[in-house]
Amino acid sequence: MKANPLPESAILETAKGLPLLQRTETWSRVNSGTTNLDGLKTVAGQLADTFSALPGDIKLVDPDPVEAVRSDGSVDQVQRGQHLHGSIRPHAPVRILLTGHMDTVFPVDHHFQNLEWIEDGVLNGPGVADMKGGLSVMLGALQLLEQCEQANHIGYDIMINSDEEVGSASSSALIERCAKGKVAALTYEPALPDGTLAGERGGSGNFSIIFTGKSAHAGRNPDEGRNALVAAADMALQLKALHREGLSVNPAKIEGGGPNNAVPDHAILRVNFRPKTLADQQEAQSTLDNLVGIIARGHDLDVHCHGGFGRPPKPIDPQAQKLFHLVKSCGADLGLDINWRGTGGVCDGNNIAACGVPVVDTMGVRGGAIHSADEFLITDSLVERTQLSALTIMRIAAKGGL
């Protein structure tokens, strides 16, 4: 039991005294592009130190192995940074999950490295919205929660990964473990500038398809060769023919080939699928599997497909609707008009929903132009969104669920 707990309104008011902007700026000043392992290590350490203020076990977790197809067709492992995991009151009767990511899309040599005020209340900088500001909001909400009596009724896991921007391959198993047994989840991707949340999301699958043919002289004996580049182009066209409403197919790159006087014996096709539903995803996977055999036989060469659907589609089911309406109700009590709409983008919310846990995955700051050098944070939203998350969690604790 908390000693002399503050009333709800008084607790929410304390958000204004938290260093929400200060820690956002501190974390954003460190480049933590997904491939910048040194930068990720620095930010992970900063996060672990700051989140250790919470009353639970905060630790850094090694990433799972991740394979990548190189341009020569070889498959090897790529390195990812450590992830942060926290467990607070794991035996509480009601448990939720809060997730975010520490990586950005800006590599260590990117020109976008500094923070700059665009105008009063609007801060430009790498990761200020996506999602260093969201991480500050997450922690702020939990700091408010810990001041209230309902904190004893709710437990939570925190998961902040280092590879969300490249599909969370090294953290997907951790996300699944953290989602187990949770009644709801909140993820701190940025909301739109007007505060609109992302509702349903399509899925995403990335594949690297390796074609191994046979080299031959283009003039002396071309018919003895097996042209891997032509096979890759054939596959690209046949996959693109699948494109329709509900299933976007984007053959993005063909790597391979060689001098004009030689039949190319190697090529790699990189392709992305964006299915709206699980049925669309299953159709895409089935067609891709069949095409591997068809192309291999038709061009008399070897075809190997590497990759998968790392982000399943995220529909809005009845439990997700209940969570959205709870957030909307909490927003109304704070004077905020909270709405949501579907989006083609993907995030860890897709993976959480696939575990059967309702999730609102845009509980972060209001901002925009993410993934560009124009990225901005509307700083007033730091307090606003901290209060919104805190009130949502308090209501889940008080109700014992959704």
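Criteria and thresholds
- Residues numbered from 1 in each chain as written.
- Predicted model: local features only at pLDDT ≥ 70, side-chain atom pairs only at ≥ 80, totals over all residues.
- Heavy atoms only, no water.
- Helix = DSSP H or I, 4+ residues; strand = E, 2+ residues; numbered from the N terminus.
- Rg over C-alpha atoms; globule rule 2.2 N^0.38 Å.
- Buried < 20%, exposed > 50% of the residue type's maximum accessible area, 1.4 Å probe, protein only.
- Contact = heavy atoms within 4.5 Å.
- Salt bridge = Lys/Arg side-chain N within 4 Å of Asp/Glu carboxyl O.
- Expected span 1.5 Å × (residues − 1).
- Pairing = 2+ DSSP bridges.
- Polar contact = N/O pair within 3.5 Å; in protein donor to acceptor, adjacent residues only side chain to side chain.
- Phe/Tyr/Trp six-rings, centres within 6.5 Å; stacked < 30°, edge-to-face > 60°.
- Axes fitted to C-alpha atoms, helices over the stretch in contact; angles between N-to-C directions.
- Parallel < 35°, antiparallel > 145°, perpendicular 65-115°, else oblique.
- Left-handed = near helix turned anticlockwise from the far one by under 90°.
- Nonpolar A, V, L, I, M, F, W, Y, C, P; charged D, E, K, R; others polar.
- Core = buried A, V, L, I, M, F, W, Y, C linked by side-chain atoms within 4.5 Å.

What is the right way to look at the overall build of the chain in this model?
Check the secondary structure of the chain and you find 10 helices and 18 strands. At 24 Å, the chain has a C-alpha radius of gyration in line with the 21 Å of a compact globule built from 402 residues. If you line up the chain on its principal axes, its C-alpha atoms span 90 × 45 × 35 Å. Taking all 402 residues of the chain together, 52% fall into the buried category. Put simply, of all contacts in the chain between residues at least 6 apart along the chain, 79% involve residues at least 24 apart.

Even after reading the chapter, I still don't get the pattern of salt bridges, so can you show me in this structure?
This model, assessed by the stated rule, comprises 18 salt bridges. Residues glutamate 8 and arginine 395 are paired through a salt bridge, measuring 3.2 Å at the closest nitrogen-oxygen approach. Within this pair, whereas glutamate 8 is found in helix H1 (residues 8-13), its partner arginine 395 is found in helix H10 (residues 380-399), the two being separated by 387 residues in sequence. Judged by its relative accessible area of 32%, glutamate 8 is partly exposed. Measuring nitrogen to oxygen at the nearest pair gives 2.9 Å for the salt bridge that ties arginine 201 to aspartate 361.

Just to check I follow, could you spell out helix H4 (residues 128-145) for this structure?
One turn of an α-helix holds 3.6 residues; hence residues three or four places apart share an orientation. With 18 residues, H4 should cover 26 Å at 1.5 Å per step; its first-to-last C-alpha distance of 24 Å lies within 8% of that length. Burial analysis of H4 places 17 of its 18 residues in the buried class, the great majority of the element.

Before we go on, may I ask you to explain H10 in this structure?
For H10, built from 20 residues, the straight-helix expectation of 28 Å at 1.5 Å per residue is met to within 8% by its first-to-last C-alpha distance of 29 Å. With 15 of 20 residues buried, H10 is to be regarded as a mostly interior element. Count one or two residues on from H10 and you reach glycine 400, which has phi positive near 75 degrees.

Sorry if this is basic, but what is going on with the pairing of strand E6 (residues 116-119) here?
For a regular strand, side chains alternate in direction, first toward one face of the sheet and then toward the other. Examined bridge by bridge, E6 and strand E7 (residues 122-124) share 3 bridges and lie antiparallel to one another. Paired with glutamate 116 across the strands is asparagine 124, a residue of E7. Counting the residues in the hairpin turn of E6 and E7 gives 2 residues, including glycine 121, whose phi is positive at 85 degrees.

What should I look at first to understand the side chain of glutamate 146 in this one?
Following the sequence through the fold, glutamate 146 ends up in the loop between H4 and strand E8 (154-161). Taking relative accessible area as the criterion, glutamate 146 reaches 12% and is therefore assigned buried. A polar contact of 2.8 Å, which involves the side chain of glutamate 146, links it to the side chain of arginine 89. Here the side chain of glutamate 146 touches tyrosine 156 through a polar contact of 2.8 Å, side chain to side chain.

Hey, could you run me through the packing of aromatic side chains in this one?
When we look at a pair of aromatic rings, we describe it by the centre distance and by the angle of the planes. Per the counting criterion, the structure on display carries 5 aromatic pairs. When the centroid spacing of 5.0 Å and the interplanar angle of 80 degrees are considered together, the rings of phenylalanine 106 and phenylalanine 112 count as edge-to-face. Comparing phenylalanine 106 with phenylalanine 112, the two get one shared label, buried. Relative to phenylalanine 273, the ring of phenylalanine 207 lies with its centre 5.5 Å away and its plane at 90 degrees, an arrangement referred to as edge-to-face. Placement of phenylalanine 207 in strand E11 (residues 204-212) and of phenylalanine 273 in strand E13 (residues 266-275) is noted, with a sequence separation of 66 residues between them. One exposure class covers both phenylalanine 207 and phenylalanine 273, and it is buried.

It is not clear to me how the packing of helix H2 (residues 20-28) against H4 should be interpreted in this structure. Could you clarify?
The axes of two packed helices give the description: the angle between them and the distance between them. Relative orientation of the contacting elements H2 and H4 amounts to 140 degrees, with a least axis distance of 9 Å. Of the possible angle classes, the one that applies to H2 and H4 is oblique. As for the relative orientation of H2 and H4, their crossing is right-handed in sense. Residues Leu20, Arg23, Thr24, Trp27 and Ser28 of H2 form the contact with H4, whose own contacting residues are Val128, Lys132, Gly133, Leu135, Ser136, Leu139, Gly140 and Gln143. Along the lines of polarity and charge, the residues of the contact of H2 with H4 split into 5 nonpolar, 6 polar and 2 charged.

Sorry if this is basic, but what is going on with the environment of alanine 169 here?
Tracing the sequence through the fold places alanine 169 in the loop between E8 and helix H5 (172-179). When its relative accessible area of 43% is taken as the criterion, alanine 169 is described as partly exposed. Taking C-alpha positions, alanine 169 is 8.3 Å from proline 65, a pair spaced 104 residues apart along the chain.

Any chance you could explain the nonpolar core here in plain terms?
Nonpolar side chains in soluble globular proteins tend to end up buried together. By size, the foremost hydrophobic cluster in this structure holds 63 residues, and its most contacted members are Phe51 and Ile158. Ranked by the residues each element gives to this core, the list is headed by H4, at 11 residues. Residues contacting isoleucine 158, with those up to four places away along its chain left out, are Phe51, Leu54, Ile58, Leu84, His85, Gly86, Ile88, Leu98, Met138 and Leu142. Within the second largest apolar cluster, 25 residues are counted, among which are Ala231, Ala232, Met235 and Val303.

What am I meant to see in the sheet that holds E13 here?
Sheets are built from strands that pair by backbone hydrogen bonding, the pairs being arranged parallel or antiparallel. Spatially, the 4 strands line up as an open sheet ordered E12-E13-E11-E14, and their pairing is antiparallel. Only two strands of the sheet have a single neighbouring strand rather than two, namely strand E12 (247-256) and strand E14 (302-311). Each strand of the sheet is rotated relative to its neighbour by a mean of 15 degrees, with strand direction disregarded. Pairing between E11 and E14: 8 bridges, direction antiparallel. In the strand pairing of E14, serine 204 is matched with arginine 311. In the packing of helix H6 (residues 228-240) onto the sheet, contacts are made with E11, E12, E13 and E14, and the angle to E13 comes to roughly 10 degrees.

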